[in-house]
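Results of the structural survey
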Amino acid sequence: AAKLRAARLLWHRIMEGFGAKKPGSLMLRTHCQTSGVSLQEQDPYNNVVRTAYEALAAALGGTQSLHTNALDEAIALPTEFSARIARNTQLILQEETGICNVVDPLAGSYYVESLTAQLADEAWKIIEEVDALGGMTKAVASGMPKLRIEESAAKRQAAVDRGDEVVVGVNKYRPAKADPIEILDVDNVKVRDSQIARLKHVRASRDSAACDAALAALEQGARTGQGNLLALAVDAARTRATVGEISDAMEKAFGRHRAEVKTLAGVYGAAYEGDADFAAIQAEVAEFAEKEGRRPRMLVVKMGQDGHDRGAKVIATAFADIGFDVDVGPLFQTPEEAAQDAIDNDVHIVGISSQAAGHKTLAPKLVEALRDRGAANIIVICGGVIPQQDYAFLYDAGIKAIFGPGTNIPDAARNIMKLIAPAQ
């Protein structure tokens with residue numbers, strides 16, 4: 001709630017600095033989504049409670065728009081059952097709690113106002129730091145915002161793994177037996193074939209000349225700076241140009257942004273300073289390096305159209321602090337590209353980070369690509385949002401280990417060392 005209040009305060013301050021005159025220009029409207037990172041695979045019905053509290057916080061903060069996550073989104077794509085609960089969470093807040101009957105239920109709270117002021121002051125320091133870098137575009141190019149986010153995520157993950165930060169059902173109050181939960185099973189091959197068929201139909205049925213002309217106008221607008229690119233993109237869409245074609249037209253003028261891959265060092269390990277168990281796994285890695293002549297090497301990859309890489313970066317920094325040599329591949333790789341990276345970097349193991357339900361298609365293709373290139377000795381593991389019901393399929397496809405949400409990273413490192421131990 002205080003975060004949204006601080007954002008509105010800062011927006012007003014910034015817009016006034018730009019000389020905004022209309023009252024509407026000084027008002028910040030926000031969309032909120034409940035936290036995905038707080039959702040847990042273990043004891044997943046707890047996620048209903050987490051989402052409800054987060055939705056309430058957003059409403060009390062004054063959000064204009066709200067998305068509530070489904071309870072099973074740490075496991076798979078939502079079912080109709082879980083999506084209905086997510087929707088009804090909003091309806092119950094709206095219809096049964098009375099919070100919509102008051103403009104600002106927390107108005108005048110000393111704690112909320114004090115926390116708002118603290119957040120605004122700390123956020124303003126970051127804004128000034130971004131300005132000193134030359135603005136947000138240059139800050140993004142430098143990698144600064146992503147590194148700050150990943151640093152925070154690594155610190156939190158270490159706190160959870162150590163048990164310093166309690167996550168109910170994960171590192172404390174775990175049930176003796178997991179309750180079964182219905183999971184949505186998506187046939188990726190069928191979905192892909194269906195999408196390809198739709199694209200072919202669109203391209204065959206549209207006015208090709210009009211579409212080409214609209215895309216050419218968009219490219220020209222991008223090259224010259226003349227005209228409104230959004231309006232030109234809408235014109236192209238009305239001729240049935242695809243999103244990919246619209247992006248390609250602008251890419252011809254602007255090029256494509258390639259995020260600079262940077263990883264952190266020392267953030268995760270610092271939280272374990274003096275921890276005997278952590279020192280023991282570090283010693284195990286050091287022993288491997290002494291026998292093998294080099295440290296265990298891992299490539300963390302993101303494949304397909306899954307752009308969620310915060311979890312992958314947390315894994316990268318944690319394993320680096322444990323003693324692994326870690327390479328991180330770029331976003332949106334094909335299995336063939338990831339396989340070649342693994343071979344070029346001479347890694348022992350490839351870790352696939354999956355968030356977007358593409359694991360049943362992409363993971364087997366990576367195993368196959370490694371095998372085709374004579375690198376079947378490279379071990380492939382998976383981590384991320386993968387339903388238990390898919391584990392057997394992945395193991396049959398050649399995946400050697402699977403680590404779902406809530407996995408303790410030092411425990412995962414021990415298991416991985418057992419997998420690569422024969423290489424000694």
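A brief structural summary. (Residues numbered from 1 in each chain as written. Predicted model: local features only at pLDDT ≥ 70, side-chain atom pairs only at ≥ 80, totals over all residues. Heavy atoms only, no water.)

What follows deals with the overall build of the protein chain. Counting its secondary structure elements, the protein chain contains 17 helices and 7 strands. For 424 residues, the compact-globule estimate of 2.2 N^0.38 gives 22 Å, and the C-alpha radius of gyration of the protein chain, at 24 Å, lies within 12% of that figure. On the principal axes, the C-alpha backbone points of the protein chain span a range of 70 × 65 × 50 Å. For the protein chain, with 424 residues in total, the buried portion stands at 39%. A fraction of 73% describes how many contacts in the protein chain between residues 6 or more apart in sequence connect residues 24 or more apart. Here the protein chain carries 47 positive and 56 negative side-chain charges, and the mean point of each set is 4 Å from the other. (Helix = DSSP H or I, 4+ residues; strand = E, 2+ residues; numbered from the N terminus. Rg over C-alpha atoms; globule rule 2.2 N^0.38 Å. Buried < 20%, exposed > 50% of the residue type's maximum accessible area, 1.4 Å probe, protein only. Contact = heavy atoms within 4.5 Å. Lys, Arg positive; Asp, Glu negative; His and termini not counted. Charge placed at Lys NZ, Arg CZ, Asp CG, Glu CD.)

Now for the pairing of strand S3 (residues 297-301). The element S3 is largely enclosed, with a buried count of 4 among its 5 residues. Note that S3 and strand S4 (residues 325-328) share 4 bridges and pair parallel. The residue bridging Leu299 from the neighbouring strand is Asp327, located in S4. Taken together, S3, helix H13 (residues 310-322) and S4 constitute a β-α-β crossover, and its handedness is right-handed. By the bridge criterion, 4 bridges tie S3 to strand S5 (residues 349-354) in an arrangement that is parallel. Its bridge partner lying in S5, Val300 is registered against Gly351. (Pairing = 2+ DSSP bridges. Right-handed = clockwise from strand over helix to strand, strands pointing away.)

A complete count under the given rule lists 22 salt bridges for this structure. Across the pair Lys125 and Glu122 runs a salt bridge, and its minimum N-O distance is 3.1 Å. Here Lys125 and its partner Glu122 are both found in helix H4 (residues 110-133), 3 residues apart, which amounts to about one turn of the helix. Across the pair Arg295 and Asp325 runs a salt bridge whose closest N-O atoms are separated by 2.5 Å. Remark: Asp325 occurs in strand S4 and Arg295 occurs in the loop between helix H12 (276-292) and S3; sequence separation between them is 30 residues. You can call Arg295 partly exposed: its relative accessible area is 37%. (Salt bridge = Lys/Arg side-chain N within 4 Å of Asp/Glu carboxyl O.)

Below, the discussion takes up the packing of helix H8 (residues 208-224) against helix H9 (residues 229-238). Two elements in contact, H8 and H9, have axes whose closest approach is 8 Å; the angle formed by their N-to-C orientations is 165°. The orientation of H8 relative to H9 falls into the category roughly antiparallel. Two packed elements cross with a definite hand, and for H8 against H9 that hand is left-handed. Each of Ala214, Leu215, Ala217, Leu218, Gly221 and Ala222 in H8 lies in contact with H9, whose residues at this interface are Leu229, Leu232, Ala233, Asp235 and Ala236. A breakdown of the residues in the contact of H8 with H9 according to their chemical character gives 9 nonpolar, 1 polar and 1 charged. (Axes fitted to C-alpha atoms, helices over the stretch in contact; angles between N-to-C directions. Parallel < 35°, antiparallel > 145°, perpendicular 65-115°, else oblique. Left-handed = near helix turned anticlockwise from the far one by under 90°. Nonpolar A, V, L, I, M, F, W, Y, C, P; charged D, E, K, R; others polar.)

Attention now moves to a nonpolar patch on the surface. A contiguous nonpolar patch, built from Val166, Val168 and Tyr173 and spanning about 290 Å² of accessible area, is present on the exposed surface. Here Val168 shows up in the loop between helix H6 (144-162) and helix H7 (188-205). Residue classification places Val168 among the partly exposed residues on the basis of a relative accessible area of 38%. (Patch = residues over 30% accessible without salt bridge, like charges linked within 9 Å, V, L, I, M, F, W, Y side chains within 5 Å. Areas by Shrake-Rupley, 256 points an atom, 1.4 Å probe, with all protein chains shown as cover.)

The subject of this paragraph is the side chain of Thr34. In this structure, Thr34 sits in the loop between strand S1 (31-33) and helix H2 (46-61). Residue Thr34 is classed as buried on the basis of its relative accessible area of 5%. Every residue in contact with Thr34, bar those within four places of it in the chain, is listed here: Thr51, Glu54, Ala55, His67, Thr68 and Asn69.

Let's shift gears to H6. Spanning 19 residues, H6 covers 27 Å between terminal C-alpha atoms, matching the ideal 27 Å at 1.5 Å per step. Turning to H6, its buried residues are Met144, Pro145, Glu150, Ala153, Ala154, Ala158, Ala159, Val160 and Asp161. Where H6 is buried, its residues touch H4, helix H5 (136-142), helix H11 (267-271), H13 and helix H17 (409-420). Within two residues after H6, Gly163 carries a phi angle of roughly 90°, on the positive side. (Expected span 1.5 Å × (residues − 1).)

Let us now look at a negative patch on the surface. A contiguous patch of negative charge on the surface is contributed by Glu336, Glu337, Glu368 and Asp372. Taken together, the elements giving at least two residues each to the negative patch come down to helix H14 (335-344) and helix H15 (359-372).

The subject of this paragraph is empty space enclosed by the protein. This structure, assessed with the given rule, holds 1 cavity of 30 Å³ or more. As a volume, the largest cavity reaches approximately 30 Å³. Lining the largest cavity, in full, are Asn47, Val48, Thr51, Asn69, Ala70, Leu71, Ile85, Ala86 and Thr89. Of all the secondary structure elements, the ones that give two or more residues to the lining of the largest cavity are H2 and helix H3 (80-96). Its residues assigned to classes, the lining of the largest cavity comprises 5 nonpolar, 4 polar and no charged. (1 Å grid on protein atoms, 1.4 Å probe; cavity = no way out; pocket = protein on both sides within 12 Å on 5 of 7 lines; lining within 4 Å. Points joined across faces, edges and corners; volume = space filled by probe spheres on them.)

With that settled, consider the environment of His308. Here His308 lies in the loop between S3 and H13. Taking C-alpha positions, His308 is 20 Å from Val380, a pair spaced 72 residues apart along the chain. What His308 contacts, discounting residues up to four positions off in sequence, is Lys302 and Gln355.

To continue, consider the sheet that holds strand S7 (residues 401-403). One open sheet holds the 5 strands; their spatial order is S4-S3-S5-S6-S7, and the pairing between them is parallel. The outermost strands of the open sheet, each flanked by one partner alone, are S4 and S7. For this sheet the average axis-to-axis angle between neighbouring strands, irrespective of direction, equals 20°. Bridge analysis of strand S6 (residues 379-384) against S7 gives 3 bridges, and the strand direction is parallel. Paired with Ile381 across the two strands is Ala401, which belongs to S7.

Purely spatial values, then, with no claim about function.
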